[in-house]
Amino acid sequence: MAKKIDAALELLKRVPIFSGLSEEEFAFITPRLVARRLQAGELIFSEGDACGGLYVIERGHVRIFKTSAGGREQVLTVDGPGTSIAELPVFDGGNYPASAQAVNECNLYFFSSHDFQELCLKHPQVALKVLRVLGGRLRHLVDVIEDLSFRTVRHRLIALLVRMAKSEGTRDKNAVTMLLAANNGEIASQIGTVRELVSRNLSRLQVEGLIELENRRLQIPSLERLEAELETSEG
């Protein structure tokens with residue numbers, strides 16, 4: 001039990017809304033955390049559900065997405081270990097504004113709305129941290145809207161590959177190798193298009209020598225050259 005509490009404490013210290021709290025404040029949080037394990041594809045909550053609390057990701061990745069009336073999905077973000085999700089409805093008391101689903105096998109910690117609000121009343125600096133996190137998320141959503149409104153599918157795809165290369169890839173000088181966890185349909189939902197256009201643009205990038213793709217293993221011979229394409233593919 002002590003090891004689990006220590007592991008949860010080390011995780012919370014990396015989470016932006018909890019980092020920098022005192023030992024007394026962490027002592028309030030850790031006994032109230034509820035561990036959850038999810039399989040790949042399992043829903044954590046659905047858009048419109050009453051908000052029971054927020055989650056902290058210990059292991060795995062979680063996709064946050066909206067679904068249209070026609071069933072088309074738009075991924076807003078994919079979050080990984082050390083991040084929190086669903087801060088907004090916990091903070092404002094509303095329902096979950098989007099759905100959350102495990103991309104792969106995940107370990108999460110759940111912290112109830114009631115306990116979080118009590119924490120904020122006792123320690124107001126936590127609320128200020130939440131506002132900073134929500135500000136960052138708002139800026140990200142503005143970027144998403146800008147991309148969908150003004151950028152081509154090619155530009156959005158290259159931008160996604162560059163971000164993934166920098167965060168998940170293995171560097172060898174200017175070359176990067178990584179494993180694509182998402183299939184073309186999932187990539188399409190992240191950049192606001194359809195699977196066919198993702199497949200077509202990946203094929204073009206291969207023909208141009210900008211990427212090499214075999215199964216899900218992707219190699220970028222020159223990250224610098226791929227980044228330069230963002231300027232020519234803009235618009």
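That block above? That's the structure.
In this text the structure is predicted, and so the values were computed from the model without any measurement. (Residues numbered from 1 in each chain as written. Predicted model: local features only at pLDDT ≥ 70, side-chain atom pairs only at ≥ 80, totals over all residues. Heavy atoms only, no water.)

Participant: Please clarify how the sheet that holds strand E12 (residues 217-220) should be interpreted in this entry.
Facilitator: As a general point, the strands of a sheet are linked pairwise by backbone hydrogen bonds and lie either parallel or antiparallel. Read across the sheet, four strands follow the order E9-E10-E12-E11 without closing on themselves; strand pairing throughout is antiparallel. Single-partner strands in this sheet number two, and they are strand E9 (170-172) and strand E11 (212-214). Ignoring strand direction, the axes of neighbouring strands in this sheet form an average angle of 15 degrees. The pairing of E11 with E12 spans three bridges and is antiparallel. Each bridged residue has a counterpart across the sheet, and for glutamate 212 the counterpart in E12 is glutamine 219. (Pairing = 2+ DSSP bridges. Helix = DSSP H or I, 4+ residues; strand = E, 2+ residues; numbered from the N terminus. Axes fitted to C-alpha atoms, helices over the stretch in contact; angles between N-to-C directions.)

Participant: I tried to follow the layout of surface pockets on my own but got confused; where do I start?
Facilitator: Space left empty within the atom packing is revealed by a probe, the size of a water molecule, rolled over the atoms. Put simply, the largest pocket is a space of about 740 Å³. In terms of lining, the largest pocket is formed by 27 residues, of which the most central are Val78, Leu160, Arg163, Met164 and Gln190. If you tally residues by element for the lining of the largest pocket, the top one is helix H6 (residues 153-168), at seven residues. Of the pockets and cavities examined, the second largest pocket occupies roughly 420 Å³. Lining the second largest pocket we find 18 residues, and of these Ile64, Leu88, Pro97, Arg137 and Leu141 sit closest to its centre. Elements that contribute at least two residues to the lining of the second largest pocket include exactly strand E5 (73-79), strand E6 (84-85), helix H3 (87-92) and helix H5 (125-150). With five residues, H5 is the largest single contributor of residues to the lining of the second largest pocket. (1 Å grid on protein atoms, 1.4 Å probe; cavity = no way out; pocket = protein on both sides within 12 Å on 5 of 7 lines; lining within 4 Å. Points joined across faces, edges and corners; volume = space filled by probe spheres on them.)

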